[in-house]
Each structure stands twice: as C-alpha cells, then as structure tokens.
Amino acid sequence: MSGVFVVFEGIDGVGKSTVCRSVADVLRARGIDVTVTAEPTHEGIGAFIRSGGAGPVSQRTEALLFVADRNDHTERIVREVGSGRVVLCDRYFASTVAYQSAKLDGDATDTDWLIEINSDFVRRPDATILLDMDPRDSLGRVGSRGEEVSKFENLGFLEQVRDNFLRLAERFGFHVIDASRGREDVLRDVMAVIEGLV
Ligand code: TYD
C-alpha cells in the first residue's frame, strides 16, 4: 500500500507544528502509521542552515541551501510514503518560494527561478494545507512562546510572505484554512482535508 504525503505551510507562529502533532495523534489513535517531519531538517544541510554556519549569505544562496536540504529530505519522505506511512511535513517547497522571494534587506529573489530550482527535487504532496493568519496575530504567538524573534519574523516581511503563500495557494491548489480561530475549529477543517486521503 502506498502512503500519503501532506504538507503544512504558513508564516511563523500560525501553529503548524501543533496542528501536525494533533493530526498525528488522531491518525495514530486509528492505528495508522504516521511520520511527523519538518524543514529545515535537523540533520545535515538543515542543521547547517539552523546553526547559521553559512554566515550572511544572499537570498539566492540561502534558497539553494534550503533546496539542498529538501533533496535529501525528499528521498527519506519518498521511502516512508512508499512503505505505506502517512508523512506530515511542516514546511516544504512553498516556504522557499514564499520566504526567499520576499524582500529581506531589500533583496528579493525571482519567484519563477525559485519554483524552477525546486522542480527536480520535490515530490508532489497529496495535499498542501496553508494555515493562514494575519502576521499581527501570529507574531504575538511567536513572542509569547518566549523565543527570540528571528530575522524572518518582522511584520512587513511576514505580510509579504503571507501574500506570497496565498498566491502560491491559488497557483498550486493548496487548501487554505483560517488559522486565526480556535484550535478545535482549525483541526476539524484540517482533518476534513486529510479524511479524503487516508
Ligand atoms: P521554522 O518552521 O520556524 O522552524 P522552527 O519552528 O523549528 O524554528 O523555520 C525556520 C525559518 O526558516 C522560518 O522563519 C522560515 C524559514 N524558511 C525559509 O526561509 N525557507 C525555507 O525554505 C524553509 C523551509 C524555511
């Protein structure tokens, strides 16, 4: 039996990882084998990106690093899906397109090029769920987690990233879910998408 590959996307603080964990709990309670994973990954190139080891690089270089991480990650995802598991992935190629094409320090990378460099290295997800929220609200959540706000987490930048995600959702047929509501409502809508696949 072939498994299912579901991706969760959205700006920082929309609750992707919480939703991923909740979906995994629901599916596991039904006896379904689930893998929860995320990008940037925590090993190899992903760990390198997270450590900031590359220093102050351009958005194009950063995009290539995210895609390199994705290439190795995709090989693992394909193996897991092939063995019949449901793979829930927190961020995938749309994050590179949405974030690296937003203007950070005046530097914006071309959307078509970003889609192109991903095209050889991604497996098409069975569904991509975009958790959508106004960054004014999601930034409050990031701050309340007591985390340091990263360079990606300022309001004007995240407004661009959100717009980019919404454009990609239209172009690639993502499921857009209003993540500003309570946890139960969001989970119910997410499960409605996933029920059709498992
Ligand atoms: P994030 O999902 O916030 O990781 P964690 O919650 O484990 O810290 O990802 C870290 C940041 O990386 C986030 O602000 C978005 C950014 N990012 C990109 O800019 N491009 C990408 O391709 C990916 C996967 C992430």
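Before any of the text, the structure's been laid out above.
What you are looking at is a predicted structure, and each value in this text was computed from that prediction instead of being measured.

1. Section: the sheet that holds strand 4 (residues 127-132)
No. 1: The sheet built from five strands is open, its strands ordered 2-3-1-4-5 with parallel pairing. Looking at which strands have only one partner, the edges of the open sheet turn out to be strand 2 (34-38) and strand 5 (175-178). Across the sheet, the mean angle separating the axes of adjacent strands is 20° when strand polarity is ignored.
No. 2: In terms of strand pairing, strand 1 (residues 4-9) meets strand 3 (residues 86-90) through five bridges, oriented parallel. Bridge pairing in strand 3 links Phe8 to Asp90.
No. 3: Lying on the sheet, helix 3 (residues 59-82) is in contact with strand 1, strand 2 and strand 3; it crosses strand 3 at an angle near 155°.
No. 4: Its contacts with the sheet put helix 7 (residues 155-172) on strand 1, strand 4 and strand 5, and the angle it makes with strand 4 is roughly 145°.

2. Focus on the packing of aromatic side chains
No. 1: For the structure shown, the criterion picks out five aromatic pairs.
No. 2: Consider the rings of Phe93 and Phe172, whose centres lie 5.4 Å apart with planes at 90°: the pair is edge-to-face. One end of the pair, Phe93, is in helix 4 (residues 93-100); the other, Phe172, is in helix 7, with 79 residues separating them in the sequence.
No. 3: By relative accessible area, which is 12% here, Phe93 ends up buried.
No. 4: By relative accessible area, Phe172 is classed as partly exposed at 26%.
No. 5: An aromatic cluster of at least three residues, connected via ring pairs, comprises Phe93, Phe172 and Phe174.
No. 6: Its guanidinium or amino end placed over the ring of Tyr92, Arg70 lies 5.7 Å from that ring's centre, counting from NZ or CZ.

3. A few points about helix 7
No. 1: The end-to-end C-alpha separation of helix 7 is 25 Å, in line with the 26 Å expected for 18 residues at 1.5 Å each.
No. 2: Residues of helix 7 that are buried include every one of Phe157, Leu158, Val161, Asn164, Phe165, Leu168 and Ala169, and no others. Along helix 7, the residues classed as buried sweep out an arc of 145° about the axis, all on the same side. Exposed residues lying more than 90 degrees from the buried face of helix 7 are Arg167 and Glu170.

4. Topic: the pairing of strand 4
No. 1: Here strand 4 lies mainly inside the structure; six of its six residues are buried.
No. 2: The side-chain alternation of strand 4 yields two buried faces, one formed by Ala127, Ile129 and Leu131 and the other by Thr128, Leu130 and Asp132.
No. 3: As paired strands, strand 1 and strand 4 are joined by four bridges and run parallel to one another. Paired with Val7 across the strands is Thr128, a residue of strand 4.
No. 4: Where strand 4 meets strand 5, four bridges bridge the pair, whose relative direction is parallel. Considered in strand 5, the bridge of Leu131 is made with Ile177.

Calculation rules
Every chain's residues receive numbers from 1 upward, in the order its sequence appears when written. Owing to the predicted nature of the model, reporting of local features is limited to residues with pLDDT of at least 70; listing and counting of side-chain atom pairs is limited to 80 or more, with chain, interface and lining totals taken over all residues. To obtain the side-chain values, all non-hydrogen atoms of the structure were used and water was disregarded. Two strands make a pair as long as DSSP finds a minimum of two bridges between them. Only DSSP runs of H or I covering at least 4 residues are called helices, and only runs of E covering at least 2 are called strands; the numbering of each starts at the N terminus. A fitted line through C-alpha atoms represents every axis, and for helices the fit uses only the stretch in contact; the resulting angles, taken between N-to-C directions, go from 0 to 180 degrees. Note on contacts: a residue pair qualifies if any of its non-hydrogen atoms lie within 4.5 Å across the two residues. Two rings belonging to Phe, Tyr or Trp (six-membered ring only in the last case) form a pair when the distance between their centres is within 6.5 Å. Interplanar angles under 30 degrees mark stacking, angles over 60 mark edge-to-face geometry, and anything in between is tilted. The rule is simple: take the accessible area with a 1.4 Å probe, protein chains only, and divide by the maximum for that residue type; under 20% is buried, over 50% is exposed, in between is partly exposed. A ring is considered to have a charge above it if a Lys NZ or an Arg CZ atom is located within 6 Å of its centre and within 35 degrees of its normal. Expected helix span is given by 1.5 Å per residue-to-residue step, counting one fewer step than there are residues. It is the directions from the helix axis to the C-beta atoms that the arc portrays.

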